[in-house]
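Observations on chain architecture
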Amino acid sequence: MSKAQLIRITPETGVPLVGTVAFGIIDRGTNVLQVRPITLCPLSCIFCSTDAGPNSRGRLSEYIVDLDYLLEAFYDIARYKGLHKLEAHIDTVGDPLSYPRIVDLVQELASIKGVEVISLQTHGVLLTEHLIDELEAAGLSRINLSIDALDPALARLLSGTRTYDVERIKEIAEYIANSRIDLLLAPVWVPGINDEEMPKIIEYALSIGAGKHWPPLGIQKYEAHKHGRKPYGVRPMSWRKFYSKLREWERRYSVKLVLKPEDFGIHKRRMLPVPFRLGEKVYVDVMLPGWLKREKIGVTRNRAITIINAERVPLGIRMRVRIIRIKDNILMAQPEP
Ligand code: SF4
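One structure accompanies this document, and this report is about it. From a predicted model like this one, the values you see are computed outputs, not experimental measurements.

With respect to the packing of helix α6 (residues 197-208) against helix α7 (residues 239-253)
- One can describe the packing of α6 onto α7 by two numbers: an axis separation of 11 Å at closest approach and a directional angle of 40°. Looking at the two axes, α6 sits oblique to α7. Classified by chirality, the crossing of α7 by α6 is right-handed. Across from Met198, Pro199, Ile202, Glu203 and Leu206 in α6, the residues of α7 making contact are Trp249, Arg252 and Tyr253.
- For the contact of α6 with α7, the per-class residue count stands at six nonpolar, no polar and two charged.

Overview of helix α4 (residues 152-159)
- Buried within α4 are the following residues: Leu154, Ala155, Leu158 and Ser159. The arc that holds every buried residue of α4, seen down its axis, measures 135°, which confines them to one face.
- Where α4 is buried, its residues meet α5 (166-177) and α6.
- Of the residues flanking the end of α4, it is Gly160, one or two places downstream, whose phi is positive at about 65°.

A look at the pattern of salt bridges
- Tallied over the full model, the rule gives 22 salt bridges.
- When the shortest N-O distance is used, the salt bridge between Arg322 and Glu336 registers 3.3 Å. Note that Arg322 is positioned in strand β14 (residues 318-327) and Glu336 in the segment after β15 (330-335), a separation of 14 residues in sequence.
- What makes Arg322 partly exposed here is its relative accessible area of 27%.
- On the basis of relative accessible area, Glu336 is assigned to the buried category, the value being 18%.

Some thoughts on the site of the ligand
- Taken together, Cys41, Leu43, Ser44, Cys45, Cys48, Ala52, Val93, Gly94, His123 and Arg229 make up the full set of residues near the ligand.
- Residues that form the shell around the ligand fall into these classes: six nonpolar, three polar and one charged.

Regarding the side chain of Thr161
- Structurally, Thr161 can be placed in the loop between α4 and α5.
- The exposure class assigned to Thr161 is buried, which follows from its relative accessible area of 14%.
- Reaching out from Thr161, the side chain makes a polar contact with the backbone nitrogen of Ser44 at a distance of 3.4 Å.
- If we ignore the near neighbours within four places in the chain, the residues touching Thr161 are Pro42, Leu43, Ser44 and Arg156.

Thoughts on the packing of helix α3 (residues 129-138) against α5
- In the contact formed by α3 and α5, the axes pass within 10 Å of each other and the chain directions differ by 30°. The angle between α3 and α5 falls in the class roughly parallel. For the crossing formed where α3 meets α5, the hand is right-handed. Residue-level inspection shows Glu129, Ile132 and Asp133 of α3 in contact with α5, the latter providing Arg168, Ile172, Tyr175 and Ile176.

How each quantity is defined
- Residues numbered from 1 in each chain as written.
- Predicted model: local features only at pLDDT ≥ 70, side-chain atom pairs only at ≥ 80, totals over all residues.
- Heavy atoms only, no water.
- Axes fitted to C-alpha atoms, helices over the stretch in contact; angles between N-to-C directions.
- Helix = DSSP H or I, 4+ residues; strand = E, 2+ residues; numbered from the N terminus.
- Parallel < 35°, antiparallel > 145°, perpendicular 65-115°, else oblique.
- Left-handed = near helix turned anticlockwise from the far one by under 90°.
- Contact = heavy atoms within 4.5 Å.
- Nonpolar A, V, L, I, M, F, W, Y, C, P; charged D, E, K, R; others polar.
- Buried < 20%, exposed > 50% of the residue type's maximum accessible area, 1.4 Å probe, protein only.
- Arc of directions from axis to C-beta.
- Salt bridge = Lys/Arg side-chain N within 4 Å of Asp/Glu carboxyl O.
- Near = heavy atom within 4 Å.
- Polar contact = N/O pair within 3.5 Å; in protein donor to acceptor, adjacent residues only side chain to side chain.

By themselves, these are just geometric observations and shouldn't be taken as functional.
Structure, rendered in structure tokens:
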């Protein structure tokens, strides 16, 4: 059972909302901004790339971001990028529906000039018909719903959760498909475990009318992540094999499965400047316990920086670190003597 502590991120904490994968806003240089209000998840999928949920072993902290603080950060970044043709994609390292103010979040994002699409990634166990009605009224455009198997026992196994009921998730999927919210089914294909489920999920998505404005399916390839959960005996397949199988199913079912950014109206857009160089040594204020064990969050130049190998570093100090990784304003550093 995860014993991670829940940390609330408010303006008073002084922790910026750009810089980590765990919370805040991620700008990858397109018209899509990823919005991450919370890290919690009710499931413990056996392939989870972020080791989320009650069975998490690696997480030291979970985070929840104050709504107004998150919206303020989103607006500032959106204004920098240009208030037109923007997508807010709520996709956390857990399940975004764990966020108690998810409806308010969608509604407020929808009221920002230039935000034309609001999408959300979920496994759906927290969805109810009532919540779907509320999200629809709030302006949600699309739900990317992960159903990884239609076989109930296999679906339960994959979810790592005894109470997971795929029949209920199917009811939810059908309810979404009949609403104004578009539905995209996004199974994770874990080779050797749910191979035979993929064609069934494709047929199911087509039968219930998924994908009215966008493609109906976004099959995701299982990848073994350093800090993620790895099902015993599973080896990720090659991208070549993955795409070749998708193309075969595209022909068989006359449906688009090999997806491109253009299929979702995604285009390049100027990215927030990265205020560091790789290898640069900087002083940071150590402000929060890290998401994972052995990490801390340091702050400088209006960015949150994940400091690795920082198990013994106390909170509240100022220390010198070296920037060792920069990817789309996601920053990692290590203590520098
Ligand atoms: S894969 Fe998604 S739903 Fe499953 S445990 Fe991870 S974050 Fe939660």
